[in-house]
Amino acid sequence: MARRNLRKGMTMIGPTPGLRVKQLEVRTRKDSGRNRSRLVEVAIKQSNVTSPMRSSPLSTPSKHSRSPSKQHFWSVDDETNVADMAQPPIDPIRLPCTMNDYIREWLRHKEDLLRILLEMEAAPSPRNCTKCGKDGVYRCMDCMHQPLFCPDCCRILHEAHLFHRIQQWTGEFFEDSALHMTGFQLYLGHNGAPCPSASPGPEHGPSEGQRYKMDTRAGGMGMVEEEWEDIDEVPLHLRPPANSKYLTIIDVTGVHFVRVQPCQCLDADSYHRQLFQAKLCASTFEKPSTAFTFAVLDDFLRENLECGTSGMNYYSKLRRVTSNVFPHLVPNRYRELLRLAQQWRVLKLLKWNAFQDETERSSLGDLALFCVACPQPGINVDPDVDLHDWKYTRTVVMDGNFKVEHMHEKRPDDQVWLMDGRGFMVAHPPYQEYLQATLHITEKSACHNHRAISQANVSCGKLSATGIDATACARHGCFYPHSVVDFQKGERQLNMDYSLSNALGYNMTGIKNVLCFYDINCSYMKNLRKRVDNSPFLHIPSSLQIVPGIGIWHVHGHKQECYARYAPLFLRGSGWVDGEIIETLWSILNIVSASTRSMSSPHHQELLDFQMNDSNFMKMIHIVDSLSRKLKAARASVAMARDAFTKLDEAVSSENRQAWSIQEESALGGRVRDVSVMDIFEMQLKKAPTVCAVELELLEAPSQRGTRQGAVSWITRGLGIEESEITLAITQKDSSKYPSETKRLAMAWRADRLAVDRSRFIADGQIYLAPLHQGTDADDYSAGMTDVAHHMSAVDDVVSGEEDSEGSMDEAADAVPLKMTKIAPLPLPSNFGIERCRAAGADELVEMELKLRIGQANDALHGLQIALADKAVAFRGVIRKATSYSMRTRAWQMVNSIDISVRQQAAIYKRCREAMIALGADTDTLTRFQQLQKSHMAVHTAAFSQNAHDHRSSNLPWFWCMDIPRTTSSKNWLTEFYRIHWLRAKAVKDRWEEEEDLLMSEFHWTMNFFKFRAKKWNTKCLSFKAAGLHGAACYAARQKAVYDRLAEQGASKWLNMSPEILPLNQ
C-alpha cells in the first residue's frame, strides 16, 4: 500500500509484512548551488517478524514521525481493511553511495585485482604471435589487450602507430624495448610508403650489436640478448640505432629513436616540411636531429593551461614515461621543448583567428578573444540603437598582481617578438616610450594609506617587472585585449592610466557610459582626466562618462564615506556585481607565474597572452550556462527585494517618500560632477566628540598662563586608570565560582599593573595639584567620590534582575574566592570639588576634566549602544534559532559576555556623570547626559530590524537619539534610520531589477556574437575556396559549425528557461 502526501511531496509507505519503514532525511544539491532537504521512507527488511500488522513504525515511531506534519498515514480504517488489500512487493530503497562506500566496496575486490595485475606480468601460454602464430617475443603496452607479436608482425602492424611502447620477453620477464629494435623505419611522403625514387639500401633488421640466441629456459622459445656492449650500461631501448641515421622524436608516450627515410623525389619538399606534414615539428630547419609530435605540443599546452605544469616538470614526466628506472639516461630536450612550444602557441593563435599569412593587416589585440556578453557595437549590438541607454554601459575592473614577476634579462637587446601587442599584453616599444616620457607624480590619498599607493616606489631589486596590471569586464571576468601592462616599481598611476586608456579604446565605438572599478578609485579618479589630457600617449574620449566604483570587499577598507560614494550597490546601471571578479582571474596566472619569471620578455608575454586567451575562451563556452544560472537567481532575488522594499515602504509617509525619492534622484544624477552628493545614503548625524577628539583639541589649543604643560595628558591618564579599575572590578565580580588558575593569574597581573599606574599617577599629581595638596591628606578629598564597589552595586541595580538565571550578583560574588580590593579615589579635580579647586586657582584643570568627562561619557554611551545592539542580534539570530541544547548553551554564554560589557560601559558612564556634577556642569549638559535607569538596559529586538513594522511605536531610551540634530522635522527619532533603510532597500531592489534586465540583454548579445562569428567564418570559408586554399576553407567551415552549434544550444537554453519571453530574434 502506498499513498502520496501532495503537500510534502513524499511517498508514504504503510505497514508491510517483513519490512520496517524508516524515515530518513536526504540532502541533494541543485544546479543553482542550493541545498535541498527532503524526507524519504525506506523499507528495511526485518527478521523474525511475529506480527506483520504491528511491525509498522506505529509501534516504534522514529523521531521524524512524531511531528504531526511528518507522521505515517495510518488510521483505524486502514487497519481493518488491510487484509483485503493486495500487498505489492516493496524493494528497499538504496540511498546514494558516498565516497567511502565505494572504497569499502573496492576493499572486497582488492586481492583479486592485485592477482590479475600480477598475472599480466607473465607471458600467456602458448606464447604465439596473435597475427601469424609464430613465436611472440614482443607485446605492445598501448594496444588493447597487450597482444603478442613476432618481430616482423610487430614492425608491420605498428607502421601507423610508431610511438607505441613495446616490451620484449627475455625468458623470465618482459623488459622495456623499442620499435626501432625491430627494424622499424618512418617513411615521409607517399602516405607512409617508401619513396620510389630513393636509392635501395639494406633492409634493417634488429639493430647491430644486438645479437640474439634461442632461449630454452623455463620452457620458452625466445630471443634473448647476450650482453650489453655499451660501457655506460644503457638499457637497450634507450640506445639509439647504431650505424644508422635516426631522429629523436618526443611524443606523449616518451622519447623515441626512429629511422627516418624522407621522400627523395625531384619535386619533394624540404626535409622539415616533410616532417611537419607528418605532424612532426622539427627543432631546427637545417639537418634536424630532434622533432616533437603535434600531440605532445598540444598536450604540453593543455597541461600548462589546466595544471600550470612548467616545461621542466613536463619534460621530466616524459623522461619518466620513457624509463621510470633510468630517467636520467633519457636525452634532455628541455630547451627544445620550450622553444617549440613558444612557436606552437603563436601558430595556434594565428590559426584560430584565420590569419592565413602575415600579408593580412594586423592590429593591436587581433589575436585575442574578448567577452561575448559585453555590448560591442557592430559585433553583437546594432550600432544604430540608442547607446545612451544604461543597458549599454561597459563595466571594467582594474587591479594589479604582484606575483607575476619578471627578472632582468642577460641580453635585452637581442629579442625576437612573435606577437608583440597582438594579444593582451601591450606592445613593448610604445609602452616603454610612454614610461620614459611620463613623470610619475606621487599623490597623497585623502583616504586610508592603501597598499597600492604605499608600494608605488618599492625597491625592484633584480626584477624588471614587479607585477602586472590588467583590465577586465566586471560582469563576466574577461580580460580586455591589449590592456595588460608591467609594473616597474609598484602599482603606479601611470601604469594604470595606460591600461585603462587601451581598454576603453577596444570595440567601444558609440559607447557613452563606463563603470570603472578599482581598489583605490577614491584617489585614482580625481585627476584622471587631467593626466590623460596632458599625455600624447593616452586617449579617452571626452564624451565618455566614467563612473568610479570600488569593489565590495575593498570598499570596507576605506573611510566610511567611501561606501556610499563608490560601493556597487549605489552605482546605477551596474546590476548586482561585486567589482571583485578580477581577483578570481589571478589564480589562473599565479600558477604559471613562477615558470615565466626567468623567461625572455617575448616568451613571458606570449605565455601570459595564451593563458588569458584561454581564460576568455572558457568563459565563452560556459557563458550560456552562467547567464542562465544568474538569471534564475536574479528572478528569485528580485521578488524578495521587491517584497522587502514594499514592506518598508508601507510604513513611510507620502511626504517622506517623495522627499527621499528626490534626494536619491538628485544624488545619482550629480555623482559624476561631485561624488560627495552620495553621502545622503549615510547617516546625516553629527557625531559626539570622543575622549581622543577632546584631548587633541585641548592639546592643540594655546594654554593659559600658569598652567603646566602635560596637564591634559595627565588627566586623560587618570580617566583611563578609572576605566581599567572599574572594568577589572566587574570582571572579578562576574567571574565563575571557581575560576581557573590562569584566569586568576591574569586578573592578579592586571591588578598589579593598575597599582603601578596609580602610584605613578599620584606622584605626577603632586606637580599639577600642588596647591590642593598643601596641608591635606587623601581623606579630605575622598568624600567627593564613592568607591568603585558602590558604583558597581548601583549599576547592578540597573542592569541585573530577571536576566540573571543563576542568582543575584551578590550571591555569585560571595562564592568567588577573589577578593575585590577597595580602590581609593584618584587625585582628580572632580574628587576635590569645584569650590576647593576654584579657591586654589585650578579653574583651568576643572574645565579640562569636564570636557574630557563629556568625551568619556560619549564613548561609554556609544559602547553601550553597540553592546545592546549585539545583544539584540544574539537574541534574534542565535538564541531564537538555536535547535539544540548545546547551541542554546553557547548562545547564552555569548549573551552573558555581552551583559558584562553592558555593565562595564554603564558603570563608566555613571562615574562620568557624577564627576560632571562635582565639576559644576551646567543644566544643558546634565539634561543631555541623563541618568541611566534599569529600564534603559532592556533590549527590543524589533527596533534593530530594518523591516520591522513596529518601529514607529518603539520608545527607545534617550541615549539612542542624543546625536540626532535638534532641527529634525520628524517627531520620531527613527526618521533618519528609516530614510537610510528606505534608500538602501530601494537601491537593492533597483540593482536586482537591473541585473535581471542586463542578463536578458546579455543573453541576446551572446547569441548575436555567436551568429556574428559564424557569419565571419562563413565569409572566410568562401574567400578561401575562391583562392584555392582548401585546407583553410575546411577549417573555416568547421569553425562556422562550432559557432552555429553554440548559438543553437544558447537558443535552446533560453526557450527552456523563458518560454513566456519573446524569442531571441526579436
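Okay, so let's go over this structure. (Residues numbered from 1 in each chain as written. Predicted model: local features only at pLDDT ≥ 70, side-chain atom pairs only at ≥ 80, totals over all residues. Heavy atoms only, no water.)

### Digging into the overall build of the protein
What counts, and what does not: Helix and strand labels come from DSSP, where a helix needs a run of H or I of at least four residues and a strand needs a run of E of at least two; each type is numbered from the N terminus. For every residue, the accessible area (1.4 Å probe, protein chains only) is compared with the maximum for its type, and the residue is labelled buried under 20%, exposed over 50%, or partly exposed between those bounds. Surface accessibility follows the Shrake-Rupley procedure with a 1.4 Å probe radius. Residue values consider only the protein chains on display as shielding.
Summing up its helical and strand segments, the protein has 31 helices and 22 strands in all. Expressed as a percentage of the 1066 residues in the protein, the buried residues total 47%. Here the protein displays about 56,300 Å² of accessible surface, and carbon together with sulfur accounts for 52% of that area.

### Side note on the packing of aromatic side chains
To keep it simple, the criterion reads: Pairing of aromatic rings covers Phe, Tyr and Trp, the last through its six-membered ring, and needs centres within 6.5 Å; plane angles under 30 degrees mean stacked, over 60 mean edge-to-face, and all others mean tilted.
Using the criterion set out here, one finds 27 aromatic pairs in the structure. For the ring pair Tyr246 and Phe257, a centre distance of 5.7 Å and an interplane angle of 85 degrees mean the geometry is edge-to-face. Pair noted here: Tyr246 is in the loop between strand E11 (222–225) and strand E12 (247–251) and Phe257 is in strand E13 (residues 254–261), with a separation of 11 residues, a long-range link. A relative accessible area of 7% places Phe257 in the buried class. Aromatic pair Tyr434 and Phe537: ring centres 5.8 Å apart, planes at 70 degrees, arrangement edge-to-face. Note that Tyr434 is positioned in helix H8 (residues 428–437) and Phe537 in the loop between helix H12 (528–533) and strand E22 (545–549), a separation of 103 residues in sequence. Of the residues examined, Tyr434 reaches a relative accessible area of 1% and is grouped as buried. Given a relative accessible area of 30%, Phe537 falls into the partly exposed group. Connected via pairs of aromatic rings, a cluster forms that spans Tyr431, Tyr434, Tyr498 and Phe537.

### Observations regarding the pattern of salt bridges
Quick note on the threshold: Salt bridge, as used here, is a side-chain nitrogen of Lys or Arg placed within 4 Å of a carboxyl oxygen of Asp or Glu.
Taken as a whole and judged by the stated rule, the model has 34 salt bridges. Ionic pairing is found between Asp764 and Arg717, a salt bridge with its closest N-O pair at 2.9 Å. Taken together, the positions of Asp764 in helix H20 (residues 741–768) and Arg717 in helix H19 (residues 711–733) put the pair 47 residues apart, joining distant regions of the chain. On the accessibility criterion, Asp764 (26% relative accessible area) is partly exposed. Where Glu722 meets Arg911, a salt bridge forms, and the shortest distance between an N and an O atom there is 3.4 Å.

### Re the packing of helix H18 (residues 691–700) against H19
What counts is decided by this rule: Note on method: axes are straight lines fitted to C-alpha atoms, helices fitted across the in-contact stretch only, with angles between N-to-C directions ranging 0 to 180 degrees. Under this scheme an angle from 65 to 115 degrees is roughly perpendicular, one under 35 degrees roughly parallel, and one over 145 degrees roughly antiparallel; angles in between are oblique. A crossing counts as left-handed when the near helix is turned anticlockwise from the far one by less than a right angle, and as right-handed when that turn is clockwise. Contacts: residue pairs with any heavy atoms within 4.5 Å of one another.
With their axes 9 Å apart at the nearest point, H18 and H19 run at an angle of 160 degrees to one another. Taken together, the axis directions place H18 and H19 in an arrangement best described as roughly antiparallel. Crossing angle aside, the handedness with which H18 passes H19 is right-handed. Every residue of H19 that contacts H18 at Val691, Glu695, Leu698 and Leu699 is listed here: Val712, Ser713 and Thr716.

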